[in-house]
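Listed here are the chains, written in short residue letters.
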Amino acid sequence: MAEHGKKSQVAFPNAKVNLGLQVRGQRADGFHDLDSLFLPVPWCDTLELVSPGSGKGCLLNLHGNPIKGNPSDNLICRAYSLLSERHAIPPVDFHLIKVLPSGAGLGGGSANGAFALTLLNAHFELGLSPVELEGIAAELGSDCPFFIRNVPARVTGRGEHSTPIHLNLSGWQIALIN
């Protein structure tokens, strides 16, 4: 719960799995073209946005599984930076409880960045549409746009093109082992 005079919002950035991932030729930008079906799965981190923040810009407090690198370079703070360049957003604090394993191909970092965008959009009533958020998410990283709508989708390009699909997997189960 946020301190007196502060407001907070919480989201639960989830993992995704690739169904039938095909990695195609290398692109001129160094990325590979891919074609996959992404499926959101209900295994989540916890992300809280608190405003006003305690410092300047974005402060990220990490808990749970360790994340390599400087917190200010994390996709959550990069999401804040991208939106604050376009909109007058006051400083914020984020609290991330990291449950999803890093580097496991589950999209945890991408989900955190995309969910930070949607939290900021809602919290500060920026009025950005899903299409606009997907465009900004593509600047964050390849898998980030998928997590804006967060529904089963065919994903192409380097991961920035996401087309929602109807996928009935009733009767199926999945086990994730890291």
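Residue indices begin from 1 for each chain and proceed along its sequence in written order. Residue-level local features of this predicted model are given only where pLDDT is at least 70; pairs of side-chain atoms are given and counted only at 80 or more, and the full residue set underlies all totals for whole chains, interfaces and linings. Excluding hydrogens and water, the side-chain values take into account all heavy atoms of the structure.

Chemist: I would appreciate a short explanation of the sheet that holds strand β7 (residues 153-157) in the present structure.
Modeler: Picture the strands of a sheet paired through backbone hydrogen bonds; they go either parallel or antiparallel. Reading across from one edge, β2-β3-β7-β8 is the order of the 4 strands in this open sheet, with antiparallel pairing throughout. Each edge of the open sheet carries a strand with a single partner, namely β2 (14-26) and β8 (161-164). Neighbouring strand axes in the sheet, compared pairwise and without regard to direction, differ in orientation by 20° on average. Two strands form a pair only when DSSP identifies at least two bridges running between them. In DSSP terms, a helix is any run of H or I states spanning at least four residues, a strand is any run of E spanning at least two, and both are numbered starting from the N terminus. As judged from the 5 bridges shared by strand β3 (residues 32-44) and β7, these two strands associate in the antiparallel manner. Considered in β7, the bridge of Ser36 is made with Val155. Here an angle of 0 to 180 degrees is reported between the N-to-C directions of two axes, which are lines fitted to C-alpha atoms, with helices fitted over the stretch in contact.

Chemist: Help me understand helix α1 (residues 75-86) in this model?
Modeler: Note on helix geometry: an α-helix contains 3.6 residues per turn, so any two residues three or four positions apart are oriented the same way. Expected helix span is computed as 1.5 Å times (number of residues minus one). Taking 1.5 Å of rise per residue, the 12 residues of α1 would be expected to cover 16 Å, and the 17 Å separating its terminal C-alpha atoms lies within 8% of that figure. Under the scheme applied here, a residue whose accessible area is under 20% of the maximum for its type counts as buried, over 50% as exposed, and between as partly exposed, the area being computed with a 1.4 Å probe on protein chains only. Three or more residues of α1 are buried, namely Leu75, Ile76, Cys77, Ala79, Tyr80, Leu82 and Leu83. Only heavy atoms matter for contacts: two residues are in contact if any of them lie within 4.5 Å across the pair. Tucked inside the fold, the buried residues of α1 contact β4 (46-51), β5 (58-64), β6 (92-98), α2 (108-123) and α3 (130-140). Two N or O atoms count as a polar contact when they lie within 3.5 Å, although within protein this holds only if one can serve as hydrogen donor and the other as acceptor, and sequence-adjacent residues are included solely when both atoms are side-chain atoms. Structurally, the start of α1 carries an N-cap: the backbone nitrogen of Ile76 is 2.8 Å from a side-chain oxygen of Asn74.

Chemist: Just checking my understanding: could you explain the packing of α1 against α3 for this structure?
Modeler: Packed helix pairs are specified by the crossing angle of their axes together with the interaxial distance, meaning the distance between the axes. With their axes 10 Å apart at the nearest point, α1 and α3 run at an angle of 130° to one another. By the angle between their axes, α1 is oblique relative to α3. Crossing geometry of α1 relative to α3 is assigned as right-handed. Note on element contacts: α3 touches α1 through Ile136, Glu139 and Leu140, opposite Leu75, Arg78, Ala79, Leu82, Leu83 and Arg86. Here the contact of α1 with α3 is composed, by residue class, of 6 nonpolar, no polar and 3 charged. Angles below 35 degrees are treated as roughly parallel, those above 145 as roughly antiparallel, those between 65 and 115 as roughly perpendicular, and all remaining angles as oblique. If you view the pair so one helix is near and one far, a crossing is left-handed when the near helix is turned anticlockwise from the far one by less than a right angle, and right-handed when it is turned clockwise. Side-chain classes are defined by residue name, with Ala, Val, Leu, Ile, Met, Phe, Trp, Tyr, Cys and Pro counting as nonpolar, Asp, Glu, Lys and Arg as charged, and the others, Gly among them, as polar.

Chemist: Hey, could you run me through the packing of α1 against α2 in this one?
Modeler: The contact between α1 and α2 brings their axes to 8 Å, and the two run at 35°. In this structure, α1 crosses over α2, and the sense of that crossing is right-handed. Where α1 approaches α2, its residues Leu75, Ile76, Ala79, Tyr80 and Leu83 are matched on the opposing element by Gly109, Ser110, Asn112, Gly113, Ala116, Leu117, Leu120 and Asn121. Taken together, the residues that form the contact of α1 with α2 break down as 8 nonpolar, 5 polar and no charged.

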